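Coordinate analysis (summary)
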Amino acid sequence: MLLRPTALTVALLTTLTSPVSPAEAAGTAEPVVRQSAPARGFKHPGVLLSRTQLNRLRKRAKAGGEWRSSFAAMRHSRYGSLDYTARPERIVECPPDDRPGYGCVEERQDAIAAYTHALLWYVTRDRAHARKAVQIMDAWSAVVREHTEGNAGLQAAWAGSSWARAAEIMRHTYGGWPRNRVRRFSGMLRTVYLPEVTATAPDYNGNWDLTMTDAAMGISVFLDDRRGFDKAVRRFRARVPAYFYLRSDGPLPKRPPGSHIRTPDRTREYWFGQRRFVNGLGQETCRNFTHIGYSLAATAHIAETAWHQGLDLYGGEAGKRMRAALTLHARYQLGAHVPHWLCGGNLDLAMGPDTEVALNHFRNRQGISMPQAQRAAQRLRKVGTDDLFVAWEALTHAKNR
């Protein structure tokens, strides 16, 4: 599934690793964190998941009940199969319209598969899963050179975010990924993905900017790139206020920095015709909840990775916007009456499994009660992945501080 820019947009824009210990190889010790040199202040693993969270995931997967069944769903999914075969393309072509793409679905699915096998390796310590994760990443780093067509930035963001999560776990917990292959994969992220996900897209629907920033931050942590990380933080702080509305913004939402959306009429068009703005409304609420879900997920991913690196992006104004958005959209996702002033009384409620990371922080770290958001998340927990860039987050992040 490829996403198009808004109509307004179209008009406006014509390692170093150490060997595995005998105990680890035998499955009698915790996987050992292996730091690349130099770390330059980053904590590894630290893209979306910390070592503490990975260890808790490992324990809960061995427990009974809900966690064990969720783990089994991941393990027995197509992404967790040891027969999974990568399908790399040299040029990934992803048009923003109905023309066929080349390599788009394959790239996203392969990146999720690599991440899935990385998680399975950490939980089971079965080296077959480690080898599969590395095999998939090596296949792509040997081949891919470019993303083209109108959805290049978004496609690179979807795949790049999953690649960074998979690579971070494997580089820092598995001694069998050869240094030259790690360097090649790092080069792929730096030259094929970063230029796409750091490009500006202020006039596009906001899920673009947020998802691109998610990928840019994860890749920067993996590459120990402090400058790239700081750039992603600045982009997050500028973009979130222009996507999730608060009454303190005034009668109209803030405009995206650098955009050509400068008049009230263009602002309302950009917000899909909405004229009344309330706390938690998103720029794409009147488009559909699917894209709101993407943006909530990406926003939480960015804040979560920053949290693991010692920076609190969940706090302050951004946190208020996230909580308001979670509450407002959960209310209607659960079936509340939709008033006529909201999107003409019609909402597309197809939200995905996108809220677990944010809920975990606000409910389990901060103790903030969010009953509607929690109920909405529970209804969606059987959906393990959106097949784009969200995967297994009920298992990895629900009640996992």
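With respect to the pattern of salt bridges
- Evaluation of the coordinates by the stated rule reveals 16 salt bridges.
- One salt bridge connects glutamate 66 with arginine 381, and the closest N-O pair in it is separated by 3.7 Å. With glutamate 66 in helix 4 (residues 65-75) and arginine 381 in the loop between helix 15 (371-379) and helix 16 (393-396), the pair connects residues that are 315 residues apart, well separated along the chain.
- Given a relative accessible area of 21%, arginine 381 falls into the partly exposed group.
- In this structure, arginine 181 and aspartate 138 form a salt bridge, with 3.3 Å as the shortest nitrogen-oxygen distance. With arginine 181 in helix 8 (residues 179-197) and aspartate 138 in helix 6 (residues 127-141), this residue pair connects regions lying 43 residues apart in the sequence.

Quick word on the packing of helix 5 (residues 104-124) against helix 7 (residues 152-173)
- In the contact formed by helix 5 and helix 7, the axes pass within 8 Å of each other and the chain directions differ by 25°. Taken together, helix 5 and helix 7 sit at an angle that is classed as roughly parallel. Crossing handedness for the pair helix 5 and helix 7: left-handed. Facing helix 5, whose interface residues are Cys104, Glu107, Arg108, Asp110, Ala111, Ile112, Ala114, Tyr115, Ala118, Leu119, Trp121 and Tyr122, helix 7 presents Gln155, Trp158, Ala159, Ser162, Trp163, Arg165, Ala166, Ile169, Met170 and Thr173.
- Along the lines of polarity and charge, the residues of the contact of helix 5 with helix 7 split into 15 nonpolar, three polar and four charged.

Describing the nonpolar core
- Grouped together as the largest cluster of nonpolar side chains are 122 residues, with contacts concentrated most on Trp163, Met170 and Tyr193.
- Element by element, the count of residues in this core is highest for helix 5, at twelve residues.
- In this view, tryptophan 163 contacts Glu107, Asp110, Ala111, Ala114, Ile136, Met137, Trp140, Phe185, Met188, Leu189 and Tyr193; residues no more than four positions away in its chain are not counted.

Considering the state of the cysteines
- Per the stated rule, a full pass over the model turns up two disulfides.
- Residue cysteine 94 pairs covalently with cysteine 104 via a disulfide, S to S 2.2 Å. Here the S-S torsion is close to -125°, and the disulfide linking cysteine 94 with cysteine 104 is therefore left-handed. Of this pair, cysteine 94 sits in the loop between strand 1 (91-93) and helix 5 while cysteine 104 sits in helix 5, placing them ten residues apart in sequence.
- Owing to a relative accessible area of 0%, cysteine 94 belongs among the buried residues under this scheme.

What to know about the layout of surface pockets
- Within this model, the largest pocket holds a volume of roughly 250 Å³.
- Along the walls of the largest pocket sit Glu66, Trp67, Ser69, Ser70, Ala73, Arg381, Lys382, Gly384, Trp392, Glu393, Ala394 and Leu395, which together make up its complete lining.
- For the lining of the largest pocket, the elements supplying multiple residues, two or more each, are helix 4 and helix 16.
- A breakdown of the residues in the lining of the largest pocket according to their chemical character gives five nonpolar, three polar and four charged.

Conventions and cut-offs
- Counting from 1, residues in each chain are numbered in the order their sequence is written.
- Residue-level local features of this predicted model are given only where pLDDT is at least 70; pairs of side-chain atoms are given and counted only at 80 or more, and the full residue set underlies all totals for whole chains, interfaces and linings.
- No hydrogens and no water enter the side-chain calculation; it runs on all heavy atoms of the structure.
- When a carboxyl oxygen of Asp or Glu lies within 4 Å of a side-chain nitrogen of Lys or Arg, that pair is called a salt bridge.
- The secondary structure listing takes helices from DSSP runs of H or I that are at least 4 residues long and strands from runs of E that are at least 2 residues long, numbered from the N terminus.
- Exposure classes here rest on a 1.4 Å probe applied to the protein chains alone. A residue is buried below 20% of its type maximum, exposed above 50%, and partly exposed in between.
- Each axis is a line fitted through C-alpha atoms, taken for helices only over the stretch in contact, and angles between the N-to-C directions span 0 to 180 degrees.
- Throughout, the term roughly parallel applies to angles under 35 degrees, roughly antiparallel to angles over 145, roughly perpendicular to angles from 65 to 115, and oblique to all others.
- Helix crossings get a hand from a simple test, with the near helix turned counterclockwise from the far one by less than a right angle marking a left-handed crossing and a clockwise turn marking a right-handed one.
- Contact criterion: two residues are considered in contact whenever any of their non-hydrogen atoms come within 4.5 Å of each other.
- The classification used treats Ala, Val, Leu, Ile, Met, Phe, Trp, Tyr, Cys and Pro as nonpolar, Asp, Glu, Lys and Arg as charged, and all other residues, Gly among them, as polar.
- In these notes, a set of buried Ala, Val, Leu, Ile, Met, Phe, Trp, Tyr and Cys residues joined through side-chain atoms within 4.5 Å is what counts as a nonpolar core.
- Only a pair of cysteine sulfur atoms within 2.5 Å counts as a disulfide in this structure description.
- Think of a 1 Å grid over just the protein atoms. A cavity is a set of points where a 1.4 Å probe fits yet cannot get out, a pocket is an open set with protein on both sides within 12 Å along at least five of seven lines, and lining residues have an atom within 4 Å of a point.
- Grid points are joined across faces, edges and corners, and a volume is the space filled by probe spheres set on the points.

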